[in-house]
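These are the residues of each chain, in order.
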Amino acid sequence: MGEPLDTSDWIAVTAVGVSVASMGVSYLWGRYSAKAARDSAMSARRSADEAAAMTKLSLEQRHDDLAPGPAPAEIAATVRGGGVTDSLVGSITVPRGYRVKATAYFRTGGSTELSIGPVLHANQPVMFQVEKWPPGSEKPVTKEIRFRFWPPIEGDDVEPWSCRCGKPTGDTMDGPGHWEWRVPVRRDRTPIRINT
Ligand SMILES: [Zn+2]
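Just so it is clear, the model here is predicted, and its values are computed rather than measured.

Considerations on the coordination of the zinc ion
Around the zinc ion, the protein contributes the donor atoms His 63 (ND1), Cys 163 (SG), Cys 165 (SG) and His 178 (NE2), at 2.0 to 2.2 Å from the metal centre. The site at the zinc ion holds four donor atoms, and with the angles between them running 102 to 117 degrees, its shape is tetrahedral. Along the chain, the residues donating to the zinc ion fall in the pattern H-x99-C-x1-C-x12-H. Placement of Cys 165 in the loop between strand S7 (142-150) and strand S8 (179-187) and of His 178 in the loop between S7 and S8 is noted, with a sequence separation of 13 residues between them. Take His 178: its relative accessible area is 3%, and that puts it in the buried class.

What follows is the structure, given as structure tokens:
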């Protein structure tokens, strides 16, 4: 030491300084850009999550909108004659076309499939036999009816439509319905009024 630095030494020192400084800048830039990338990945994930949540919400909303309405409080079933044996009959009305299955559950246990559908038409009351009503019958043996509904499919005699929420389609009409009602049955003795 003691000798003055010559020009080439200064250049070397300066170069080290510049390179240290630029390493610092690139280090900071690296940290900044990594954070920016992390932030943008997070915000992309957040908006993807939000989009998925909104899609799920809108699918659920659409599922609710496409439902056959809230289940009626009861099936007020009436006795109809005309056959060999009288029948206890009920009816339902739905706002659009559906595939349907109805199962009657007995007070004493057990169940039976009712003859209804398989396709319901929009706003047309459909009448179905709840059970036979032999002479002397007082009270329905049917406690409640479980209705299973599905969107109609291609080939049904109503316009097909779909609900894409992921619940069962009506292709087989086995298993759970896309929508279900469980409705108690009551014998209605109100005489049928005929408008004159
Ligand atoms: Zn649905």
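Here's the deal with the environment of Pro 68
For Pro 68, the location among the structural elements is in the loop between helix H1 (7-65) and strand S1 (75-80). Looking at Pro 68, the relative accessible area reads 5%, which means it is buried. In this structure the C-alpha to C-alpha distance between Pro 68 and Trp 179, which are 111 residues apart in sequence, comes to 7.6 Å.

Quick word on the packing of aromatic side chains
Any aromatic ring pair is given by two values, namely how distant the centres are and how the planes are angled relative to each other. For the structure shown, the criterion picks out eight aromatic pairs. Centre to centre, the rings of Tyr 98 and Trp 161 are 5.4 Å apart; their planes meet at 85 degrees, and the pair counts as edge-to-face. Taken as a pair, Tyr 98 in strand S3 (residues 98-106) and Trp 161 in the loop between S7 and S8 lie far apart in primary sequence, 63 residues in all. The same class applies to Tyr 98 and to Trp 161, which are both buried. Summarising the aromatic geometry, the rings of Phe 149 and Trp 181 are spaced 4.8 Å apart at their centres and angled 70 degrees between planes, so their arrangement reads as edge-to-face. Note that Phe 149 is positioned in strand S7 and Trp 181 in strand S8, a separation of 32 residues in sequence. In this structure, Phe 149 and Trp 181 share a single accessibility class: buried. Taken together, the ring pairs connect Tyr 98, Phe 128, Phe 147, Phe 149, Trp 161, Trp 179 and Trp 181 into an aromatic cluster. The lysine or arginine in question, Arg 96, covers the ring of Trp 161, its NZ or CZ lying 5.9 Å from the ring centre. Taking the ring centre of Tyr 105 as reference, the NZ or CZ of Arg 182 above it sits at 4.8 Å.

Details of the nonpolar core
Side chains of nonpolar character tend, in soluble globular proteins, to be buried together. Ranked by size, the top nonpolar core spans 26 residues in total, and within it Ile 75, Ile 92, Phe 128, Ile 145, Phe 147 and Phe 149 carry the most contacts. For this core, the elements supplying multiple residues, two or more each, are S1, strand S2 (86-92), S3, strand S6 (126-133), S7 and S8. Not counting the four nearest positions on each side in its chain, Ile 75 is found in contact with Gly 90, Ser 91, Ile 92, Phe 128, Ile 145, Phe 147, Val 183, Pro 184, Val 185 and Arg 186.

Rules used in this analysis
Residues numbered from 1 in each chain as written. Predicted model: local features only at pLDDT ≥ 70, side-chain atom pairs only at ≥ 80, totals over all residues. Heavy atoms only, no water. Donors = N, O, S within 2.8 Å, 3.2 Å for Na, K, Ca; no water. Tetrahedral: all angles 85-135°; square planar, octahedral: opposite > 155°, others 65-115°. Helix = DSSP H or I, 4+ residues; strand = E, 2+ residues; numbered from the N terminus. Buried < 20%, exposed > 50% of the residue type's maximum accessible area, 1.4 Å probe, protein only. Phe/Tyr/Trp six-rings, centres within 6.5 Å; stacked < 30°, edge-to-face > 60°. Lys NZ or Arg CZ within 6 Å of the ring centre and 35° of its normal. Core = buried A, V, L, I, M, F, W, Y, C linked by side-chain atoms within 4.5 Å. Contact = heavy atoms within 4.5 Å.

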